[in-house]
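Chain by chain, the residues run as shown.
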Amino acid sequence: MIRIAVLGCGRIGVMHAANIASHPRAGLAGVFDIHAPAAAGVAAKTGARVFASAEAVFASDEVDAVLIATATDTHADLIEMAVAAGKPVLCEKPTDLSLERVNRCATVIAGTKVPVQLGFVRRFDPGHAAVRKAIAAGEIGELHQVVITSRDPAMPPPAYAAVSGGILRDMTIHDLDMARFILGEEVAEVFATGSRLVDPALMEKLGDYDTVAVVLTTASGKQAVITNSRQAVYGYDQRVEALGTRGMALSENRRAHAMTLHTAGFTDRAEPLLDFFIERYREAFDAEIAAFVEAVEAGQPPVVGFEDGRMALVLAEAALKSIAEGRVVRVEEMV
Ligand SMILES: NC(=O)c1ccc[n+]([C@@H]2O[C@H](COP(=O)([O-])OP(=O)(O)OC[C@H]3O[C@@H](n4cnc5c(N)ncnc54)[C@H](O)[C@@H]3O)[C@@H](O)[C@H]2O)c1
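Residues numbered from 1 in each chain as written. Predicted model: local features only at pLDDT ≥ 70, side-chain atom pairs only at ≥ 80, totals over all residues. Heavy atoms only, no water.

A. Molecular detail of the packing of aromatic side chains. Across all of its chains, the model carries three aromatic pairs by this definition. Ring centres of Y236 and F276 lie 4.8 Å apart, and the angle between their planes is 75°; this geometry places the pair in the edge-to-face category. Pair noted here: Y236 is in the loop between β9 (223–229) and β10 (237–244) and F276 is in the loop between β13 (269–270) and α10 (277–280), with a separation of 40 residues, a long-range link. Given a relative accessible area of 2%, Y236 falls into the buried group. (Phe/Tyr/Trp six-rings, centres within 6.5 Å; stacked < 30°, edge-to-face > 60°. Helix = DSSP H or I, 4+ residues; strand = E, 2+ residues; numbered from the N terminus. Buried < 20%, exposed > 50% of the residue type's maximum accessible area, 1.4 Å probe, protein only.)

Following this line, the structure appears as structure tokens:
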């Protein structure tokens, strides 16, 4: 039983705390949030202990590992503190909004044997993971192209958008990691385009985009195409497609059930898409905790680590540069 403390009890921390509390091989060691009522709310539901500070969490003998689900700008500091205390970490994405800060954190924790896992939960989605497995097993022959469609149902609240770091660092970062995962080789070139179509006034004010497309190319010429929108009125659209010389692997959207209705007036009427990430990636969030527990128990590097988080941010920065300069950016320019 690995006793995990959760730092940050907001939207996703509450979910992680509940998942850990009900996990067969993990226990909820306690919670901490700078906003005391948030931690108290989780404690009331789970019976978990409330810690008085992050320092108290890292100093506790009753905490084997920590899950960081705090605001993004605290992740790097908390990772450094956890590693210094010898506590394995599962940290939500993104590692930070500044590549310079992530690089400094990499230097601080370099050489550590303490497992640091990054919260790229989509790698654990059974469908998306099966695409990777099919490629690895040679079922679609030689991989040529990956198409990742990732659209949110609706714009986030303006207050969230203002501190999110922008669509590339906040949302596309999941897809950039998925592209690396499915491609199975590093990206060499990035071309991106960004538009302000859903809420042009807000996006203009924030210097952000609500609609982006990114094309990634590896040194061997394999391509990945990512399309993101902050607003798909039909729901949370999450698909991953891989084309190879012998076929295609496709991980489709998920619905509450698979019944479709067919009448004289229409065919294929289906349930709406699962909405939103907590429902759509429910199994993946559980599998993510299971993978973390395995890494901690084995004292092994996690399957998705700090460098994966850093590389996804490198690609997000390359995409932003590509949009700003209207050209293909070579990844080696960013490092
Ligand atoms: N993997 C995913 O799909 C996914 C989805 C949503 C959010 N996230 C990430 O999770 C993180 C949290 O997002 P959220 O939507 O839950 O945000 P949120 O604002 O709902 O919650 C963040 C919580 O952290 C607390 N907090 C802030 N600084 C703290 C500190 N120093 N110590 C302790 N608590 C602190 C806040 O009081 C708040 O309760 C973000 O980095 C976000 O990018 C990941």
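B. Spotlight on the domain arrangement of the protein chain. When the domains of the protein chain are assigned, the result is domain 1 (2–114) and domain 2 (123–280 + 311–333). Contact residues are listed per partner, giving ten residues for domain 1 and 14 residues for domain 2. A per-residue breakdown of the area domain 1 buries against domain 2 is headed by R11, K93 and L97, which together make up 57% of the total. The interface formed by domain 1 and domain 2 includes one salt bridge. D170 is the partner of K93 in a salt bridge, and the nearest nitrogen-oxygen pair spans 3.6 Å. (Domains from an automatic or database assignment. Contact = heavy atoms within 4.5 Å. Buried area = accessible area lost by both parts, 1.4 Å probe. Salt bridge = Lys/Arg side-chain N within 4 Å of Asp/Glu carboxyl O.)

C. Summary view of the nonpolar core. Among the nonpolar cores identified, the biggest contains 100 residues, and I4, V66, I79, I182, V190, V214 and L216 are the most heavily contacted of them. Counting residues domain by domain, this core receives three or more from each of domain 1 (2–114) and domain 2 (123–280 + 311–333). The residues touching I4, leaving out its near neighbours within four places in the chain, are I20, A26, G27, L28, A29, G30, A65, V66, L67, F292 and V293. (Core = buried A, V, L, I, M, F, W, Y, C linked by side-chain atoms within 4.5 Å.)

D. Spatial organisation of the site of the ligand. Around the ligand sit 21 residues in total, of which R11, I12, D33, T72 and E92 are the nearest. One of the side-chain nitrogen or oxygen atoms of R11 is found 2.8 Å away from an oxygen atom of the ligand. Between an oxygen atom of the ligand and a main-chain N or O atom of I12, the distance comes to 2.9 Å. Protein burial of the ligand: of its 850 Å² of free accessible surface, 81% is covered by the chains. (Near = heavy atom within 4 Å. Polar contact = N/O pair within 3.5 Å; in protein donor to acceptor, adjacent residues only side chain to side chain. Areas by Shrake-Rupley, 256 points an atom, 1.4 Å probe, with all protein chains shown as cover.)

E. Spatial organisation of a nonpolar patch on the surface. Taken together, the side chains of F191, V215 and V328 define a hydrophobic patch exposed on the protein surface, amounting to about 210 Å² of accessible area. Mapped onto the elements of the fold, V215 is located in strand β8 (residues 211–218). (Patch = residues over 30% accessible without salt bridge, like charges linked within 9 Å, V, L, I, M, F, W, Y side chains within 5 Å.)

F. Focus on the sheet that holds strand β11 (residues 247–251). Read from one edge to the other, the open sheet built from seven strands follows the order β11-β10-β6-β9-β8-β7-β14, with strand pairing classed as mixed. The sheet is open, and its two borders are formed by β11 and β14 (329–330), each paired with just one other strand. The pairing of strand β6 (residues 143–151) with β9 spans seven bridges and is parallel. Opposite V146, over in β9, you have A224 as the bridge partner. (Pairing = 2+ DSSP bridges.)

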